[in-house]
Every structure is written in C-alpha cells, then in structure tokens.
Amino acid sequence: MEDEREVMEAAMEAGHILLENGAEIFRVEETISRICKHYGITSSNAFVLSNGIFATSGNAAEESFAKVQHIPVSGSHLNRVAAVNQLSREIEENRYTIAEVKERLAQIRTMPGKSRHMLILASGVGSGAFCYLYGGSLIDCLAAFLTGLIVYLFVLFVSAPYLSKMVSGIAGGAVATMACMMLYHLGIGRHLNQMIIGSIIPLVPGVAFTNAIRDIADENYIAGSVRMLDAMLVFFGIAMGVGFVLTILQRLTGGAML
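Now for a description of the structure that goes with this document. Because the structure is a prediction, the values reported are computed rather than measured. (Residues numbered from 1 in each chain as written. Predicted model: local features only at pLDDT ≥ 70, side-chain atom pairs only at ≥ 80, totals over all residues. Heavy atoms only, no water.)

### A short note on the environment of I222
Turning to step 1, where the next piece is worked out: For I222, the location among the structural elements is in helix α10 (residues 221-253).
Turning to step 2, where the next piece is worked out: For I222, a relative accessible area of 55% gives the class exposed.
Turning to step 3, where the next piece is worked out: On a C-alpha basis, the gap between I222 and V48 in space is 9.9 Å, while along the polypeptide they are 174 residues apart. (Helix = DSSP H or I, 4+ residues; strand = E, 2+ residues; numbered from the N terminus. Buried < 20%, exposed > 50% of the residue type's maximum accessible area, 1.4 Å probe, protein only.)

### Considerations on the layout of surface pockets
Turning to step 1, where the next piece is worked out: By volume, the largest pocket is sized at about 1500 Å³.
Turning to step 2, where the next piece is worked out: Looking at the largest pocket, it is lined by 44 residues, and the ones nearest its centre are G75, S76, Y152, P202 and P205.
Turning to step 3, where the next piece is worked out: With 7 residues, helix α5 (residues 116-133) is the largest single contributor of residues to the lining of the largest pocket.
Turning to step 4, where the next piece is worked out: Split into classes, the residues belonging to the lining of the largest pocket amount to 22 nonpolar, 17 polar and 5 charged. (1 Å grid on protein atoms, 1.4 Å probe; cavity = no way out; pocket = protein on both sides within 12 Å on 5 of 7 lines; lining within 4 Å. Points joined across faces, edges and corners; volume = space filled by probe spheres on them. Nonpolar A, V, L, I, M, F, W, Y, C, P; charged D, E, K, R; others polar.)

### A word on the nonpolar core
Turning to step 1, where the next piece is worked out: Counting residues in hydrophobic clusters, the biggest one holds 32 residues, and the most contacted among them are L19, V28, Y39, I53, V101 and L105.
Turning to step 2, where the next piece is worked out: Listing elements by their share of this core, those giving two or more residues are α1 (4-20), α2 (25-38), β2 (52-57), α3 (78-92) and α4 (98-109).
Turning to step 3, where the next piece is worked out: Broken down by element, this core gets its largest block of residues, 9 residues, from α1.
Turning to step 4, where the next piece is worked out: Each residue touching V101, except ones within four places of it in the same chain, is listed here: A10, Y39, L87, I91 and Y96.
Turning to step 5, where the next piece is worked out: With 21 residues, the next largest nonpolar core counts L156, L192, I196 and V242 among its residues. (Core = buried A, V, L, I, M, F, W, Y, C linked by side-chain atoms within 4.5 Å. Contact = heavy atoms within 4.5 Å.)

### Describing the packing of α2 against α3
Turning to step 1, where the next piece is worked out: Remark: α2 packs on α3, axes separated minimally by 10 Å, with the N-to-C direction vectors making an angle of 25 degrees. Relative to α3, the element α2 is oriented roughly parallel. Two packed elements cross with a definite hand, and for α2 against α3 that hand is left-handed. From α2, R27, T31, R34, I35 and H38 reach across to α3, where they touch V81, V84, N85, S88, I91 and E92.
Turning to step 2, where the next piece is worked out: Classifying every residue of the contact of α2 with α3 by side-chain character gives 4 nonpolar, 4 polar and 3 charged. (Axes fitted to C-alpha atoms, helices over the stretch in contact; angles between N-to-C directions. Parallel < 35°, antiparallel > 145°, perpendicular 65-115°, else oblique. Left-handed = near helix turned anticlockwise from the far one by under 90°.)

Structure representation (structure tokens):
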C-alpha cells in the first residue's frame, strides 16, 4: 500500500486543481474518492464547498489524516480540469505510482492557458456571433466584433490585474457600452441594443452560472448558492455599467444620441 499521507495529499491536490479551475462539486468529491480507493485508503471522507476542501481518513488499519484547504473562488480553466480527469482515469489503469501522480499534478497546475491573442480574438468572435444570434445585422456583428476586442483588452490589462470582480463587471459593461456608442455614431452598426448585448457576452460568467445550477441540482445547496451569488453579482455589475452609461448619455443629450 502507498503511504496514506502521500495519497491523501495527492488526492487533495487533485481536488484543489479541479475546484479552483471551475469543476463541479461532485466531480471534485468523486476524484478524491477514486484516488484514495485506488491506493488502498477505504476510510477517506471529503467535504467540498465552493471555496474549500475538508478531507479526513483513518481507522484501526490506517494512518489518521485531517486537512482543510481554502480555495478562493476564481475563473475557469477547463483544460486543467480535463487533464485531472484524464489523470484520474489513468490512475485507475495502474499507470502511476503516487510519486508520479504528484509530479503529474504539479505539471497540470502550471499548464499554460490560452494566449492573450487567442483570448482577445475569441472575445471578438463570440461578441459578433452572439450579436447575430440576437438579431443583429452583419454590420452590427462587425461593430460587436470590434467592441469585443476592446472589451477583452480592457479585461486583460486593466480589469483583471487591478479591479475587484464587482468593479470589473461595472467597468467592463461601461466600456462595452461606450465603445458600441462610438461605433454606432461612426456609422458602424445600425441596432445599438444588439451590438451592446453581443459585446458584453465575454464578461458573462457562463461556466460559473451553469456549475451553480448543476451543484444545486446535485443537492450541493451551499456550494451552488455561493457560486450562484458570485455569478449574479457579476451579472448585476455588468447591468449597472451598461445602465450607467446609457443614463448619463440620456441626461446629457435628452435621448438624441440613443
């Protein structure tokens, strides 16, 4: 049997990576349980919240273990989640010792995400595509595409490094709205509403919101509620940013620019 403490440390590390990168609660608990059972620990218990893991093990035949890890709510990196899932399957196929598992987890933790150029381009394409889905014309989609590029430049270089999540949502919504207004009055775009809707899509925490619903459906009410509240605060912030800019323009121009 592998050393119990080493196994529990590796299982918690796998759970940590999953949780901080956007995995569902049930997936984290199942992965911890699978790793422990494969290496011979039958008494392990893991209690997972949206921002923490509590793990224990130990009986007459096993070493006692108890540990708590705090994991702040953060963004989603699904490539890391997929990598841990694949590692879990390979562990059950007896491909790794526990030392090799820990080494592989260290590699997964430092996996690079998408490049900034790719993220900016994806933001523009997503904005243009959603503008089209909401009824925008091709010229509206072009305006949303350009605004999506501007919004994600703001997210990468201003919002993410310097602003809190709530303030980031407000500022991002305001930037998207101002950029759409400028393009609209330059003649790039005909339907302002569709342009704005498409442009704010890259700011929306869709994965977090979906996982919150999944957690609640799986009866993980505390974790699901926390994630839902976190997502709703971002939604509220984006709406405040958009509404603030539109209200200011309405009062300054009497609605002539809208």
